[in-house]
Structure formats: structure tokens, C-alpha cells
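Take a look at the letters that make up each chain.
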Amino acid sequence: MLPGAVPWPADAAAHYRAAGYWRGETFGALLRSVASRHAGRTAVVGGDHRWTYAELDRRADRAAAGLRALGVAPRDRVVVQLPNVPEFAEVVFGLLRLGAIPVFALPAHRRAEIGHFLDHTEAAAYVIPDRHAGFDHRALAREVGARNVVVVGDAEEFVPYAEVPAEPVELPGPDPSDVALMQLSGGTTGTPKLIPRTHDDYLYSCRASAEICGLTPGSAYLCALPAAHNFALSSPGVLGALTAGAKVVFAPLPSPDVAFPLIERERVTITGLVPPLALVWLAAAPATRHDLSSLEVLQVGGAKFAAEAAARVGPVLGCEVQQVFGMAEGLVNYTRPGDPEDVRVATQGRPISPADEVRVVDDDDRDVPSGTVGHLLTRGPYTIRGYYRSPEHNTRAFTADGYYRTGDLVRRTPDGNLVVEGRAKDQINRGGEKIAAEEVENHLLAHPAVHDAAVVAVPDPVLGERTCAFLVPVGDPPTLAAVRAFLRGRGLADYKIPDRVVPVAVFPSTGVGKTSRRDLRAALRAGLTTR
Ligand code: OOB
């Protein structure tokens, strides 16, 4: 196992292998085998490209050889920050085949996040688009001083990706039990944590997700959310669709004007959205001139999807709603196609695997009776046992016997589905985009006019939540505009920048003894909603 990653205990690993969850297969080998069965079928569509499985397989070989020639070695970490372009699949499979480890940054990440990922992983390379959504990623690469910058598009002084692919070479290929890739944690701490996922575990979650979602070679998955996010990558997402021999269609944007024509043209059967986007689609669908009748399943996840909205998906879009409650650390819950309407509308589904262990506990880690709200703990064949290079944080984020503390408050229905009732972690879920309160607070504390800061979630009808920063100023309080400009200047991703700023003279006292940041945030949030 890659140093800095936490392996499963030997007995658990042996069980997952014996039960057939871990099959000793790598992503590179999987693509080869799917390509041998479905060589002529379309694997990937995006921009001007339409690649068959044979073509994607060949491109992955050439990418692996070229990246190796560039100096990328097996187990090297490579920060990949690509939008929804077909090269995403080519580069990722090239790295996976080589045994190098893609670290999946989101297109929205900026200097603060990218600098941290590059440093923390000692990345050997950084793969970017030239420009995306009006932003020049080459300028960012320059700012962070990344080495081995590879650019899809106009490379300027960097390496153009177009010149990377090389004659395929014989490669030993990685060990299936080793780390394949790194996902990012939504996080609750000052710096985002990295999630090492192995070939064995991630491939299992992709394969099982594809089965649950009924994907076949005749299916077409529209990747509308950022491909790098765990939902769009693996639930079943791009990788799950490819394990099933299905077609992946990359949408450059998730808006109806871009996605609806693609659904019609490519006869898309399944896609996944976060709740605010699902609402936008529900509003746009009745008036569209595009034929959406191929759509069989609309997955919604990343944040709680209100039952009232979920109930409208069938009548308005003419497809089934599937709720997805997952996390980059592992556990993914799905409602199943064909589940009764009330399950699909009002629950967040049940785990992928019979081997997923789920506990619902009180504040002292004691199991609560079924139907009672409690903290969700989980371990299983595709849930990590620790974050990368974070031994100290791991002692808090996992129980001694290896359960991941999700920070989610859930209740279990009599038929075994989970309902998400809230959150105990210091995180804001802004329409599916996760923001760690502490991370933003740390940046705010660097402002000369800020004595103290606390960042909390405020309810929002569209996004579910927005962020509000309470500030104790030094002298005149900074304006919202000044705070936003300051945080942008520190290179923080836009979605983490507070929507509101509320200056206060002092923070409320939260009772006896030592004031915890969590209690403080709760008191501030309570004050906000009663105001
Ligand atoms: C997905 O992954 P992450 O890592 O961005 O965020 C995980 C957290 C969960 O712990 C939970 O707090 C929240 O996002 N969440 C939901 C939810 N889906 C995720 N809360 C309520 N209802 C839902 N349906 O967000 C993710 C990963 C894989 C598949 C789907 C989503």
C-alpha cells in the first residue's frame, strides 16, 4: 500500500476477497477487458470527439506511455483538474494504467486548494485545461509553481497534452490492492483531506453501482456534474458506465440549454444532478422542445432532495427519480429502480453492499433504536480506514474499530432505508458543494480587520444552505464586498466564499466551561434563524 494510506485489517481484506467484492482487477485491465468485448461500441462522447472502446483503450495505452516518458512513475501522485472533456477519461485511464495516482481536483479549485494538493501529495505533475469557465488555469499553474504542467489545449510555456501520447510500452501495471486514485473530502478541518481509494475497493463500488442502476451496454450516462466528483465519477458515473460497456456523454455544463439537446441527440438514459440543478431541470422541462423520452433515471444526490421535489420528477421528466446519498470516503446509498414511490421520494436509499456495516449511534457511540435519529457510522468493502497522511485527524474521524464517522444525522426506516435528518459536522452543504467552516474561518482570521470569525450555514430555498460569516471586527467592520475580495485574493475557490457577513461585537457565550467552536457556531446559527 502507498505509504501514508491506511490499509484494511488483514481479516477484513480476506473477507472482501473471499466474498468476491475485491476481485484483484485494476482499472487499466478492466478497460482492456470491456474493450475486447465491446470494441466497436461508443465509449466516450464530448466536444468534437466520439471514441469507441477500442479507441479509448488505445488512447489510454498511449497516454500511459507518454506520461511515463514525461517522468511520471508508478505511485506518483498527479493532480488532475480537468472539466468534462473526453480527455478526462483518456488521461485518467492513462494514469491508472501506469499505476500513477490521479488526485481529483474540482474545476472550481484555486490557488489555496491546488497549492495544498500539490504540496501534500508531492505531486509529480498537474494536468489542466488552458481555460475553463472564463478562468485561465495556466496562470494558476504559474502562481502555484507546479512542476510538469500538462495542458489540454493551448499550453503556452507548458507541455501540450496533444504531444504527450506515445507508442505504447509494456507496463507492469499496479497492484489491485494499492491506491488507484485520490478523492477529496468535503472536509471539516482547516485543510481539505485526501481520500485514497484502491483499485479493488473503487472498482467494486463502480461495478456494483452500475448493476444497481441497471446499466447495460445499451445505456448512455450523461456526465453533467464535474466528472472529478465522486458522484459523477463512480456512482455509477463515468467509471461505472465504462465498467458496464455503456456510453459516457460529457456535458460541458449541466444547464438545460446544454444538457437537453445532448439527451435528445445521444438518447441518454441516466444522469445525476445535485438538488438545485434538479429544480432547474424541473422548471425547464415542461417548455423544452427537446425530446427527453430516452431518460429512464434521474439520480439526485450530494445534498438532501426534498420529497416534494422528488415527487415531481416522474410526472415532469417522465423518468424515475433515484436518490443517492454518498460520500467520497466510501459508503453510497441508493434507492433502487422499482422501489415503491414513497421510498424513492422520501428516503435516501440503502447501502450498495451487503457487507456495508451501518450503525446509527448517540453522542456516546451507543446504538439508538431503529427509527431514532443518530450519528451515522460506517465501514465496509469500499469505505476508507483513514485519510492520506493524516494520522492525527484519523483518530477522530474513525472509531477504534474502523468505522468512519460520517458526521451525518440519519434515521433508519423499518424497511432499512436511510433518511438524512441533518448534520453534526462543521460543514456547509451549499447545493452539494461542501465547505469546511474551519477552513474559511482560518482565511478570515488573516484579515487585519478581523479579530474572530465563525462560519455557519443559513437555510436557502434553492441551494439548501448558504454560508454566513460572523465576524468580530477590529475597528470598522469590513464590508461583504471587501471580505469576498480578500478571500478571492487568498486563492480560495469561489463556492467557499461567504454569501453573507454579519459583524457582531462579541461572540455569544455558550454556557459553562470551555467554549467549543461547534457550540459557538450552533449558538450563532440559532440566533440567525430566530432573528
Ligand atoms: C457526495 O460526496 P461528498 O464527499 O461531496 O459529500 C458527502 C456528504 C455526506 O456525508 C452528506 O453530508 C452529504 O454529502 N450528502 C447528502 C446526500 N448526498 C450526500 N446529504 C443528504 N442527502 C443526500 N442525498 O456528496 C456524494 C458522493 C457519491 C454519491 C453521491 C454524493
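Overview of the structure. Here the residue index of a chain counts from 1 through its sequence in written order. In keeping with the predicted nature of the model, local features appear solely for residues at pLDDT of at least 70, side-chain atom pairs appear and are counted solely at 80 or more, and the whole-chain, interface and lining totals rest on all residues. Hydrogens and water molecules were not included; the side-chain quantities draw on all heavy atoms of the structure.

1. Some details on the pattern of salt bridges
Consideration 1: A side-chain nitrogen of Lys or Arg and a carboxyl oxygen of Asp or Glu constitute a salt bridge if their distance falls within 4 Å. Within the structure shown, the criterion is met by 45 salt bridges.
Consideration 2: The partner of Arg344 in a salt bridge is Glu341, with the nearest N and O atoms 3.5 Å apart. Here the residue Arg344 and the residue Glu341 both occupy positions in helix α13 (residues 341–346), the gap between them amounting to three residues, near one helical turn.
Consideration 3: Of the charged contacts in the structure, one is a salt bridge between Arg521 and Glu441, with a shortest N-O distance of 2.8 Å. Note that Arg521 is positioned in helix α17 (residues 517–530) and Glu441 in helix α15 (residues 437–445), a separation of 80 residues in sequence. We note that Arg521, like Glu441, is buried. Secondary structure counts use DSSP, requiring at least four H or I residues in a row for a helix and at least two E residues in a row for a strand, with both numbered from the N terminus. The cut-offs for exposure are 20% and 50% of the maximum accessible area for each residue type, with area from a 1.4 Å probe on protein chains only; residues under the lower value are buried, those over the upper are exposed, and the others partly exposed.

2. Some thoughts on the layout of surface pockets
To find leftover empty space, a probe the size of one water molecule is rolled over the atoms.
Consideration 1: The rule is simple: put a 1 Å grid over the protein atoms alone, call a set of points where a 1.4 Å probe fits but cannot get out a cavity, call an open set with protein on both sides within 12 Å along at least five of seven lines a pocket, and count a residue as lining if it has an atom within 4 Å of a point. Grid points are joined across faces, edges and corners, and a volume is the space filled by probe spheres set on the points. Size it by volume and the second largest pocket reaches roughly 270 Å³.
Consideration 2: What lines the second largest pocket is a set of 18 residues, among which Arg423, Lys425, Gln427, Ala457 and Arg525 lie closest to the centre.
Consideration 3: Broken down by secondary-structure element, the contributors of at least two residues to the lining of the second largest pocket are β23 (427–430), β25 (450–460) and α17.
Consideration 4: Amino acids outside the nonpolar list (Ala, Val, Leu, Ile, Met, Phe, Trp, Tyr, Cys, Pro) and the charged list (Asp, Glu, Lys, Arg) are all regarded as polar, and Gly is one of them. Its residues assigned to classes, the lining of the second largest pocket comprises nine nonpolar, two polar and seven charged.

3. Some points on the sheet that holds β25
Consideration 1: Each pair of strands is called paired provided DSSP finds at least two bridges between the two strands. Reading across from one edge, β25-β26-β27 is the order of the three strands in this open sheet, with mixed pairing throughout. Where the open sheet ends on each side, the last strands, each with one partner, are β25 and β27 (500–503). Along the sheet, successive strands turn relative to each other by an average axial angle of 25°, direction set aside.
Consideration 2: Bridge analysis of strand β26 (residues 464–473) against β27 gives four bridges, and the strand direction is parallel. Pairing of Ala469 across the sheet is with Val501, part of β27.
Consideration 3: Strand contacts of α15: β25 and β26, with the helix running at about 145° to β25, the strand carrying the most contacts. Orientation is described by axes fitted as lines to C-alpha atoms, over the contacting stretch for helices, and by angles from 0 to 180 degrees between their N-to-C directions. We call two residues in contact when some of their heavy atoms are within 4.5 Å.

4. Section: the side chain of Asn84
Consideration 1: With respect to the secondary-structure elements, Asn84 resides in the loop between β3 (77–80) and α4 (86–98).
Consideration 2: At 2.8 Å, the side chain of Asn84 and the backbone nitrogen of Ala227 are in polar contact.
Consideration 3: Apart from residues no more than four positions distant in its own chain, Asn84 is found in contact with Cys223, Ala224, Leu225, Pro226, Ala227, Phe250, Ala251 and Pro252. Definition of a polar contact: a pair of N or O atoms within 3.5 Å, with one able to donate and the other able to accept a hydrogen when the atoms are protein atoms, and with sequence-neighbouring residues admitted only if both atoms are side-chain atoms.

5. Notes on the site of the ligand
Consideration 1: Taken together, 19 residues sit near the ligand, with His229, Val324, Asp408, Lys425 and Lys434 positioned nearest.
Consideration 2: Residue His229 places a side-chain N or O atom 2.9 Å away from an oxygen atom belonging to the ligand.
Consideration 3: Lys434 is positioned such that a nitrogen or oxygen atom in its side chain is 2.9 Å from an oxygen atom of the ligand.
Consideration 4: Surface exposure here means Shrake-Rupley accessible area, sampled with a 1.4 Å probe, where a residue is shielded only by the protein chains that are shown. In the complex, the protein chains occlude 96% of the 600 Å² of accessible area that the ligand would expose alone.
Consideration 5: Contributing elements (two or more residues each) for the shell around the ligand: α8 (230–234) and β16 (320–327).
Consideration 6: A total of four residues in the shell around the ligand trace back to one element, the largest contributor, which is β16.
Consideration 7: Here the residues of the shell around the ligand sort into seven nonpolar, eight polar and four charged. Here a residue is near a molecule or strand as soon as one of its heavy atoms is found within 4 Å of it.

6. Quick look at the sheet that holds strand β18 (residues 350–351)
Consideration 1: Read across the sheet, nine strands follow the order β2-β1-β13-β12-β14-β15-β16-β17-β18 without closing on themselves; strand pairing throughout is mixed. At either end of the open sheet lies a strand with only one pairing partner, and these are β2 (49–52) and β18.
Consideration 2: Here strand β12 (residues 220–223) runs beside strand β14 (residues 270–273); their pairing, made up of two bridges, is parallel. Across the sheet, Leu222 pairs through a bridge with Thr271, a residue of β14.
Consideration 3: On the sheet, α4 packs against β1 (42–46), β2 and β13 (247–250) and is oriented at approximately 40° with respect to β2.

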